[in-house]
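Summary of structural features
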Amino acid sequence: MMNSLDLLIIVFMAMSAVSLLAVCLMFLVKHPLVKKVSFYFLALQGMLVAWLNAMMTPFTFPGELAIGWGLGALSVAALLLVLLGKNEKMTKVARILVAVSVVAGMMNAFIL
């Protein structure tokens, strides 16, 4: 019989696998549409992970909450860079920001 902790581990593993796949697609695939879709998916996932971190962390840990919201803000900054920046260099920086946001957010929410 599965309990709630088992389900949480399954959800975490699924989120980790999807994140890893999306990051690999964003950096390794040459097709621009796939890169764009994986970027926007990762940006939304980075914000979702920040929200999950805020809901899971008790308010007695303000530093942990601030780190979680800061990592979510990296996804918002990456979205703004892509929407407002028009050259390839800004897009590459935005991709790196969103990848850092998702990976560090997952580590912050579930490991640390």
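Everything discussed here concerns the structure shown above.
Notes on the structure follow. Chains are numbered independently. Their residues run from 1 in the order of the written sequence. Residue-level local features of this predicted model are given only where pLDDT is at least 70; pairs of side-chain atoms are given and counted only at 80 or more, and the full residue set underlies all totals for whole chains, interfaces and linings. Computation of side-chain values covers all heavy atoms of the structure but excludes hydrogens and water.

Now for empty space enclosed by the protein. Two kinds of site are reported from a 1 Å grid over the protein atoms alone, namely cavities, where a 1.4 Å probe fits but cannot get out, and pockets, open sets with protein on both sides within 12 Å along at least five of seven lines, and residues are called lining when an atom falls within 4 Å of a point. Grid points are joined across faces, edges and corners, and a volume is the space filled by probe spheres set on the points. Enumeration over the complete set of coordinates arrives at one cavity of 30 Å³ or more. What the largest cavity holds in volume is close to 40 Å³. Lining the largest cavity are Gly46, Val49, Ala50, Asn53, Gly68, Leu71, Gly72, Gly105 and Asn108. Secondary structure elements follow DSSP: runs of H or I no shorter than four residues count as helices, runs of E no shorter than two count as strands, and numbering proceeds from the N terminus. Only helix H2 (32-56), helix H3 (62-84) and helix H4 (88-111) provide two or more residues apiece to the lining of the largest cavity. Here the lining of the largest cavity gets four residues from one element, more than from any other, and that element is H2. Three classes are used: nonpolar for Ala, Val, Leu, Ile, Met, Phe, Trp, Tyr, Cys and Pro, charged for Asp, Glu, Lys and Arg, and polar for all others, with Gly counted as polar. Residues that form the lining of the largest cavity fall into these classes: three nonpolar, six polar and no charged.

Salt bridges are identified by distance alone: a Lys or Arg side-chain nitrogen within 4 Å of an Asp or Glu carboxyl oxygen. Considering all chains together, one arrives at one salt bridge under this definition. Measuring nitrogen to oxygen at the nearest pair gives 3.6 Å for the salt bridge that ties Arg95 to Glu88.

This part is about H2. With 25 residues, H2 ought to run about 36 Å at 1.5 Å a step, and its terminal C-alpha atoms sit 36 Å apart, in line with that. Each residue's exposure class comes from its accessible area (1.4 Å probe, protein chains only) as a fraction of the maximum for that residue type: buried when under 20%, exposed when over 50%, partly exposed otherwise. Those residues of H2 that fall on the buried side of the exposure criterion are Lys35, Ser38, Phe39, Leu42, Ala43, Gln45, Gly46, Val49, Ala50, Asn53 and Ala54. Packed against the buried residues of H2 are helix H1 (4-28), H3 and H4. One fewer than the residue count of a helix, multiplied by 1.5 Å, yields its expected span. Between two residues, a contact is recorded if the distance between any of their heavy atoms is within 4.5 Å.

Attention now moves to the packing of aromatic side chains. For any pair of aromatic rings, the description consists of the separation of the ring centres together with the inter-plane angle of the planes. We call Phe, Tyr and Trp rings a pair once their centres come within 6.5 Å, taking the six-membered ring for Trp, and we label the pair stacked below 30 degrees between planes, edge-to-face above 60, and tilted otherwise. Evaluated as defined, the whole model comprises one aromatic pair. Both rings, one in Phe39 and one in Tyr40, keep their centres 5.4 Å apart while their planes meet at 70°; by these two values the pair is edge-to-face. Owing to a relative accessible area of 3%, Phe39 belongs among the buried residues under this scheme.

Right, let's talk about the packing of H2 against H3 for a bit. Every angle, taken between N-to-C directions, lies between 0 and 180 degrees, and every axis is a line fitted to C-alpha atoms, over only the stretch in contact when it is a helix. Between H2 and H3, the least distance of the axes is 8 Å, while the angle of their chain directions is 160°. With respect to H3, the element H2 is oriented roughly antiparallel. The chirality of how H2 crosses H3 is left-handed. Side by side, H2 and H3 meet where Phe39, Tyr40, Leu42, Ala43, Gly46, Met47, Ala50, Trp51, Asn53 and Ala54 of the first sit next to Glu64, Leu65, Gly68, Trp69, Gly72, Ser75, Val76, Ala78, Leu79, Val82 and Leu83 of the second. Considered class by class, the residues forming the contact of H2 with H3 number 15 nonpolar, five polar and one charged. What sets the label is the angle itself: under 35 degrees gives roughly parallel, over 145 gives roughly antiparallel, 65 to 115 gives roughly perpendicular, and the rest give oblique. Here is the rule for handedness: rotate from the far helix to the near one, and if that takes an anticlockwise turn smaller than a right angle the crossing is left-handed, while a clockwise turn gives right-handed.

Turning to the nonpolar core, a few remarks are in order. Within the largest apolar cluster, 19 residues are counted, with the highest numbers of intra-cluster contacts made by Met26, Phe39, Leu42, Ala94, Val98 and Met106. When residues of this core are traced back to their parent elements, those giving at least two are H1, H2, H3 and H4. The greatest single-element share of this core, amounting to six residues, is contributed by H4. Aside from chain neighbours lying at most four places away, what touches Leu42 is Ser19, Ala22, Val23, Met26, Ser75, Val98 and Val102. Definition used in this section: a nonpolar core is a set of buried Ala, Val, Leu, Ile, Met, Phe, Trp, Tyr and Cys residues joined via side-chain atoms within 4.5 Å.

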